Amino acid sequence: GGATLHVQGPLANLLLKAQLSLRQPEVRNQQSLTLEGEIQPFAAWPVSHLTASVKNLNLADLHASLPDSGLQGQISLQPTAKKALQAKLDMRNDRAGAWSDQRLPVRSLRGQILLPDVHAANDLAQAWRQGELDLVAQLPTVAGQTPGDLAVSGGWGGQRVLQARWHKLEPQALYDRAPPLQLDGGLQLKPDWASMGSKASEANWARLRSSRDLKMS
């Protein structure tokens, strides 16, 4: 294994590339983490874009408490023209399995997360009070069944509505002691400002009205 760091350009606009590689004696494929970005240290928001790429990454090799995995893909971070911070994810896990087997129970994760009103680095402390997302996760399966999926979309904070839909979800594929079911359903969470009266605020968004539908087979 090893690490490299390369920085070039004027101080006001630096191009950064960092790479960390990890090779285990008993593992054929080399694991790597690469960061590439553009840094503007004197700007209100100092990172104009940042991309993290992983190849054959096993979280268990980083710490014994983390699950066994084989991560491939990219996560990118950059501000948008509407003064928001956007993260895009395109990841897959080649060693997906049940959490009870010390595996990461996700086969792939794709989509984006948007944090509005992030104008400067100082805004990050309050950034998670509201946001929007659109994510789809493909889940592991038992005995060669068609993989299930979980989709989460919408947002939180203000009048935003957060909803989740799952299809062919097998609890036993996530944890081996779960019942052998296949689930289809959904959950919607939204603020109920009318019942809160004058005390309604974004800080109280966690007080939600939910609606659910569930089908088992």
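That block above? That's the structure.
Residues numbered from 1 in each chain as written. Predicted model: local features only at pLDDT ≥ 70, side-chain atom pairs only at ≥ 80, totals over all residues. Heavy atoms only, no water.

Colleague: Explain the overall build of the chain here, please?
Modeller: When helices and strands are counted, the chain shows 2 helices and 12 strands. Taken from the N to the C terminus, the helices and strands of the chain come in the order β-β-β-β-β-β-β-β-β-β-α-β-α-β. Taken over 217 residues, the chain has a buried fraction of 32%. Of the contacts made within the chain by residues no fewer than 6 positions apart, 40% connect residues no fewer than 24 positions apart. In the structure as shown, the chain presents an accessible area of about 13400 Å², 54% of it carried by carbon and sulfur atoms. (Helix = DSSP H or I, 4+ residues; strand = E, 2+ residues; numbered from the N terminus. Buried < 20%, exposed > 50% of the residue type's maximum accessible area, 1.4 Å probe, protein only. Contact = heavy atoms within 4.5 Å. Areas by Shrake-Rupley, 256 points an atom, 1.4 Å probe, with all protein chains shown as cover.)

Colleague: I would appreciate a short explanation of the nonpolar core in the present structure.
Modeller: Counting residues in hydrophobic clusters, the biggest one holds 12 residues: W45, V47, L85, L89, I113, L115, V118, A127, L133, L135, W156 and L162. For this core, the elements supplying multiple residues, two or more each, are β6 (85-93), β7 (108-115) and β8 (131-138). The residues touching L85, leaving out its near neighbours within four places in the chain, are W45, L77, Q78, P79, I113, L114, L115, V118 and L124. (Core = buried A, V, L, I, M, F, W, Y, C linked by side-chain atoms within 4.5 Å.)

Colleague: Explain the pattern of salt bridges here, please?
Modeller: Pairing is possible between side chains that carry opposite charge, provided their charged atoms lie close to one another. A complete count under the given rule lists 5 salt bridges for this structure. Here R95 makes a salt bridge to D68, at a shortest N to O gap of 2.5 Å. Here R95 is found in the loop between β6 and β7, whereas its partner D68 is found in the loop between β4 (47-57) and β5 (71-79), with 27 residues between them in sequence. Given a relative accessible area of 35%, R95 falls into the partly exposed group. A salt bridge links R103 to D68, with the nearest nitrogen and oxygen atoms 3.3 Å apart. In this pair, R103 sits in the loop between β6 and β7 while D68 sits in the loop between β4 and β5, placing the two residues 35 residues apart along the sequence. Residues joined in a network through salt bridges with shared partners are D68, R95 and R103. (Salt bridge = Lys/Arg side-chain N within 4 Å of Asp/Glu carboxyl O.)

Colleague: Help me understand the environment of I75 in this model?
Modeller: Along the polypeptide, I75 turns up in strand β5. Expressed as a C-alpha distance, the spacing of I75 and M91, which sit 16 residues apart in the sequence, is 7.7 Å. Not counting chain neighbours up to four residues away, the residues in contact with I75 comprise L50, T51, A52, K88, L89 and M91.

Colleague: What's the story with the side chain of N93 in this structure? I'm lost.
Modeller: On the secondary structure map, N93 appears in strand β6. A polar atom in the side chain of N93 sits 3.2 Å from the backbone oxygen of L104. Among all residues touching N93, those that are not within four sequence positions of it are S69, G70, L71, L104, V106 and R107. (Polar contact = N/O pair within 3.5 Å; in protein donor to acceptor, adjacent residues only side chain to side chain.)

Colleague: I keep staring at unusual backbone geometry and nothing clicks. Help me out?
Modeller: Most peptide bonds take the trans form, and the phi angle of most residues other than glycine is negative. Phi at N56 is positive, roughly 55 degrees, even though this residue is not glycine. Structurally, the position occupied by N56 is in strand β4. Relative accessible area serves as the criterion here: at 19%, N56 is assigned to the buried category. Residue Q102 is not a glycine yet carries a positive backbone phi of 60 degrees. With respect to the element layout, Q102 can be found in the loop between β6 and β7. Given the relative accessible area of 60%, Q102 is considered exposed.

Colleague: Please explain the pairing of β7 as it appears in this structure.
Modeller: Here is the key point about a regular strand: its side chains alternate between the two faces of the sheet. In terms of strand pairing, β6 meets β7 through 8 bridges, oriented antiparallel. When the sheet's bridge partners are listed, D90 is paired in β7 with R110. Bridge count between β7 and β8: 7 bridges; the pairing is antiparallel. The residue bridging Q112 from the neighbouring strand is D134, located in β8. (Pairing = 2+ DSSP bridges.)

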